[in-house]
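# Residue-level structure breakdown
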Amino acid sequence: GESVTVQELAEKMKKSPADIIKRLMMLGVLATINQEIDADTAGIVAAEYGLEVEVKVELDAEALLTQEAEDDPADLAPRPCVVTVMGHVDHGKTSLLDAIRQTNVTATEAGGITQHIGAYQIEHNNKKITFLDTPGHEAFTAMRARGAQVTDIAILVVAADDGVMPQTVEAINHARAAGVPIIVAINKMDKPDANPDRVKQQLTEYGLVAEEWGGDTVMVPVSAKTRQGIEDLLEMILLVAEMADLKANPKRAGRGTVIEAELDKGRGPVATVLVQNGTLTVGDNVVAGTAWGRVRAMMDYRGRRVKKAVPSMPVEVLGFSEVPQAGDMFYVVPDEKTARSIAEKRANRKREEEFKAAMPRVSLDDLFKQ
Ligand code: GDP
Ligand code: MG
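Read on for a plain summary of the structure. Every value quoted in this text rests on a predicted model; they were computed, and no experiment measured them.

### Quick notes on the site of ligand 1
Within the structure, ligand 1 sits among 15 residues, and Asp90, Lys93, Thr94, Ser95 and Asp190 are positioned closest to it. One of the side-chain nitrogen or oxygen atoms of serine 223 is found 3.3 Å away from an oxygen atom of ligand 1. Here an oxygen atom of ligand 1 sits 2.9 Å away from a polar atom, N or O, in the main chain of alanine 224. Its free accessible area being 580 Å², ligand 1 has 71% of it covered by the protein chains. The greatest single-element share of the shell around ligand 1, amounting to 3 residues, is contributed by helix H6 (residues 93-103). Of the residues assigned to the shell around ligand 1, the class counts are 2 nonpolar, 7 polar and 6 charged.

So this is what it looks like as structure tokens:
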């Protein structure tokens, strides 16, 4: 594995070597300034200082495998955009997702959709769009907290009869924090008391100014009930996506994010993942958080078995050793041994951190007092 000298670690962490040596002593490691310590120990020292994020990522033995290597521009290909629907409760997020799904799935297929994996893909004008219906506000926040950026575009659903509400504002803030462009769907236009101008007016207070009012936010009046405006909305999504020029490299090993996961009685751990770069193939060895495994089978959103999942495709994955967490990144690694060892190291580290968090802090100074 990788290692680092005490001196190097001290420099990276902007601490004195003496400080590092003292910390190591407290961990039961006697080290000199030029001594090499392994990445895991270094990570633990870094964590002690609360610097885990930066330093750990840099030092982890697994970093080599999990780091995003540069793609050869020649290998990059356009990928579908990934869209999340956000908004206040009861403003019609679920209805809108259903309306989009139904509008774009042929009648014969509609009966075949029994599987629900919290994500689906549609085709509009021969272009695919991926919709995630899991990340409600909490899941979205949890994923963001873990550094996972899964969406390219946020659809902000605002009911035309109800207007901007607290969760509408929250959604705007989340999308902003993630740097994700917002398209506003002014929903429930079929209602007699629908007032889209009032919605537009209210949104200006949050910096979202409609294009027709001289701003740059796309706002589309829709009705999930009558399906009015759904096609326009899809048009607009494709337009915004086109401007973002989304690309990925399907030739590399697959990586992405766990969208949701659960323990299925019959099938064991089941994870819905979104492939964000590369191609995930049945038989691949994968790691996600402290879970590892070999992809035994994959299903698309319709529950159909697939052998490969390309960028922006959501798939259900069977074969994980345990249930990974929503927001965990997954990576394809070269072999089972690597997968297992990375996952086990992470599990150990997690246990260690939990153990330490539960332990009263004792410093050297405390030991030598009186
Ligand atoms: P969510 O909480 O944002 O997912 O909202 P839902 O999709 O569950 O919708 C909340 C309620 O609004 C349900 O009773 C829907 O039938 C209704 N609803 C959603 N969209 C429309 C719409 O376009 N028109 C009308 N009239 N009702 C709608
Ligand atoms: Mg809902």
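### Focus: the packing of aromatic side chains
A complete count under the given rule lists 2 aromatic pairs for this structure. Between tyrosine 120 and tyrosine 301, the ring centres sit 6.1 Å apart and the planes meet at 50°, which makes this aromatic pair tilted. Here tyrosine 120 is found in strand E5 (residues 119-124), whereas its partner tyrosine 301 is found in the loop between strand E15 (291-299) and strand E16 (305-306), with 181 residues between them in sequence. Taking the relative accessible area as the measure of exposure, tyrosine 301 reaches 7% and is therefore buried. Taken together, the aromatic side chains of Tyr120, Phe131 and Tyr301 make up a single cluster linked through ring pairs.

### A few points about the sheet that holds strand E6 (residues 127-132)
Ordered in space as E5-E6-E4-E7-E8-E9, the 6 strands form an open sheet in which the pairing is mixed. Looking along the sheet, the strands with just one partner apiece sit at the ends: E5 and strand E9 (218-221). On average, adjacent strands in this sheet sit at an angle of 30° to one another, irrespective of strand direction. Of the strand pairs in this sheet, strand E4 (residues 81-87) and E6 are connected by 4 bridges, and their pairing is parallel. Of the residues in E6, the one forming a bridge with valine 83 is phenylalanine 131. Relative to E6, helix H11 (residues 230-244) is tilted by about 100°, and along the sheet it contacts E4, E5, E6, strand E7 (153-159), strand E8 (182-187) and E9.

### Digging into the pattern of salt bridges
Under the counting rule described, the total for this entry stands at 11 salt bridges. A salt bridge links arginine 101 to aspartate 98; the nearest nitrogen and oxygen atoms lie 3.0 Å apart. Residue arginine 101 and its partner aspartate 98 are located together in helix H6, separated by 3 residues, close to a single helical turn. Take aspartate 98: its relative accessible area is 28%, and that puts it in the partly exposed class.

### Overview of helix H9 (residues 166-177)
Over its 12 residues, H9 runs 17 Å from end to end, which matches the ideal 16 Å to within 8%, given 1.5 Å per residue. Within the span of H9, buried status applies to Thr168, Val169, Ala171, Ile172, His174 and Ala175. At the exit of H9 stands glycine 179, carrying a positive phi of roughly 65°.

### Observations concerning the environment of threonine 41
Summarising the element assignment, threonine 41 is placed in helix H3 (residues 39-48). For the pair formed by threonine 41 and glutamate 354, sequence separation is 313 residues and the distance between their alpha carbons is 16 Å. With residues near it in sequence (within four places) discarded, threonine 41 still touches Leu24 and Val29.

### Regarding the pairing of E15
Consecutive residues of a regular strand have side chains that alternate between opposite faces of the sheet. Of all 9 residues in E15, 7 are buried; the element is thus mostly enclosed. Bridging between strand E14 (residues 285-288) and E15 involves 4 bridges; their strand directions are antiparallel. In the sheet register, valine 287 faces E15, and the bridge partner there is tryptophan 292. Linking E14 to E15, which pair antiparallel, is a turn of 2 residues; within it glycine 289 sits at a positive phi near 60°. Sheet topology note: the E15/strand E18 (residues 314-320) ladder contains 4 bridges and is antiparallel. Bridging from a neighbouring strand, alanine 297 pairs with leucine 318 of E18.

### Quick look at unusual backbone geometry
Phi is positive for lysine 188, close to 65°, though the residue is something other than glycine. A positive phi angle, close to 75°, is found at serine 312, a residue other than glycine.

### Some points on helix H10 (residues 196-204)
Taken as a whole, H10 has its buried residues at Val199, Lys200, Gln202 and Leu203. When H10 is viewed along its axis, its buried side chains cluster within an angular range of 165° and face the same direction. Turning to H10, the residues buried within the fold contact E7, H9, E8 and E9.

Reading the values: rules and limits
Residues numbered from 1 in each chain as written. Chains lettered and ligands numbered in written order. Predicted model: local features only at pLDDT ≥ 70, side-chain atom pairs only at ≥ 80, totals over all residues. Heavy atoms only, no water. Near = heavy atom within 4 Å. Polar contact = N/O pair within 3.5 Å; in protein donor to acceptor, adjacent residues only side chain to side chain. Areas by Shrake-Rupley, 256 points an atom, 1.4 Å probe, with all protein chains shown as cover. Helix = DSSP H or I, 4+ residues; strand = E, 2+ residues; numbered from the N terminus. Nonpolar A, V, L, I, M, F, W, Y, C, P; charged D, E, K, R; others polar. Phe/Tyr/Trp six-rings, centres within 6.5 Å; stacked < 30°, edge-to-face > 60°. Buried < 20%, exposed > 50% of the residue type's maximum accessible area, 1.4 Å probe, protein only. Pairing = 2+ DSSP bridges. Axes fitted to C-alpha atoms, helices over the stretch in contact; angles between N-to-C directions. Contact = heavy atoms within 4.5 Å. Salt bridge = Lys/Arg side-chain N within 4 Å of Asp/Glu carboxyl O. Expected span 1.5 Å × (residues − 1). Arc of directions from axis to C-beta.

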